[in-house]
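# Results of the structural survey
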Amino acid sequence: MNIHLKIQELRKKAGLSQEGFAERLGVSRQAVSKWESGASTPDIEKIIAISKIFEISLSELLTGEKEEAPLSAEAPAEIAVNDEKYEELLQDHLLQIDEMLKKGKKKRLIWGIAIILVVVIVIFGYLIHHNNELHALEANIKTLQSDMSGIANIRTDINHQIYSIRQEISDTLKKEYGMVSDFDIEYRDMSFPDRTVVLDIYASPRLWNNGDRISFIIESDGERLTVDGIYEDGTATATVTVPLTDNIQVSACIISGGTTVQERLDDIRSLLSLHLLDVDGHGSISSTYTEGSDSFTLDGSVSVFVSTKLYDENKSAKSQIKSLTLEFIENGKATQTVDMLELKPDFNAAEMCNFNYSVDTIERPLKAGDTYEFVVTLTDLNNVTYRGVLERIEIGDNLTIEHDKSYYGSFEAILP
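Keep in mind that this is a model prediction, so the values were computed, not measured. (Residues numbered from 1 in each chain as written. Predicted model: local features only at pLDDT ≥ 70, side-chain atom pairs only at ≥ 80, totals over all residues. Heavy atoms only, no water.)

## Considerations on the overall build of the chain
Of the regular secondary structure elements, the chain holds nine helices and 18 strands. The buried share of the chain, reckoned over its 416 residues, is 42%. Counted over contacts in the chain with a minimum sequence separation of 6, partners at least 24 positions apart contribute 62%. Surface accessibility of the chain: about 22300 Å² in total, with carbon and sulfur atoms responsible for 49%. (Helix = DSSP H or I, 4+ residues; strand = E, 2+ residues; numbered from the N terminus. Buried < 20%, exposed > 50% of the residue type's maximum accessible area, 1.4 Å probe, protein only. Contact = heavy atoms within 4.5 Å. Areas by Shrake-Rupley, 256 points an atom, 1.4 Å probe, with all protein chains shown as cover.)

## Notes on the sheet that holds strand β14 (residues 352-365)
Pairing in this open sheet of four strands is antiparallel, and the strands run β9-β10-β14-β13 from one edge to the other. Looking along the sheet, the strands with just one partner apiece sit at the ends: β9 (278-289) and β13 (347-348). By the bridge criterion, twelve bridges tie β9 to strand β10 (residues 295-307) in an arrangement that is antiparallel. When the sheet's bridge partners are listed, G283 is paired in β10 with V302. (Pairing = 2+ DSSP bridges.)

## Focus: unusual backbone geometry
A positive phi angle, close to 50 degrees, is found at D189, a residue other than glycine. Classification of D189 by relative accessible area gives exposed; the value is 51%. Although it is not a glycine, R195 adopts a positive phi angle of roughly 55 degrees. Counting through the fold element by element, R195 comes out in the loop between β1 (180-191) and β2 (196-205). Here R195 falls in the partly exposed class, since its relative accessible area comes to 33%.

## Here we look at the pairing of β14
Bridge count between β10 and β14: twelve bridges; the pairing is antiparallel. Paired with S303 across the bridge in β14 is N356. Of the pairings in the sheet, the one linking β13 to β14 comprises two bridges and is antiparallel in character. Across the sheet, residue N348 finds its bridge partner in β14, namely C353. In this antiparallel pair of consecutive strands, β13 and β14, the connection spans three residues.

Below you can see the structure in the form of structure tokens.
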């Protein structure tokens, strides 16, 4: 799970509005909105503050995975203490590096990075030691398999934290010493049928001489586009239409006096996914058969849950649904259709809504090989279709009625 989705999930679980959460952190609501949409990422100090507010570890915040408690009778206390020490050390050194970067103290920065690397090496030594112990005991003590998994997760979490530290340092160094002192990238006019999005790019070169030129390079879905920037009053701008994907990379290229310098500005991640709805559902269908009868009945209910990843107080989740239908399919052919959008939602809020439909009793002949499915199809305002089989019933060779719930909650998004 990405950090922006984790922040949104934690805020909702805590019952906090974006305004309330922003006030506790001492930032604007717009900043929180950008974090949750993936448009920007909180800095190290704010990440630590968020982990303290929700009382979770940095690793859980960064990876979205909870640390499993060890099952060993002797090891838990030791591991918990060590993990707490490493958590405190990482937090202290992260703050120190952040302060050094802000003050521009290069020598102290180098020492800070060296210290954090030593801490990481110690942690890895600790993990390797325990992993070796677990492997030695695995053949005879199966109960320690959970501990092994937990330690592997800790190692993965540390890798994520190291990557985040490197990224934070890289971003800060770019701001302080890069060829671009500031930039902004805005997106608009998303087209799902064309699978495109328009980017407005703004960049302020740190140095600029008469005759210099700037261009922007955008890589998306295997395509590489180059567009010339227009420089005026200290800022270069460009507008370009690019493929709409979950990984768009934007770089600036400055040509000065025959020298060309290129610098990565930003990686725009999850842009496509963030604008898709989350659709989930399940069927609670029961079958009834009386011995000696040549027929059986089906009844119960189906539920559909729809939520949006991007908070917009003026646009509810329900308002983004164009159509929502339930089909009863017999042997591959739809015989009954229900417009679920006409139903009053059991729950309707800005970010989520759900619909429940009670299935009237359906009686059918008991015939080997027959199949029945309850299928929900949703289309959103972008003409993206989401289809899910909520329950499948099959009549076996010996006339047994078998319910297949393996499709439970699995909706496929089909782009136009």
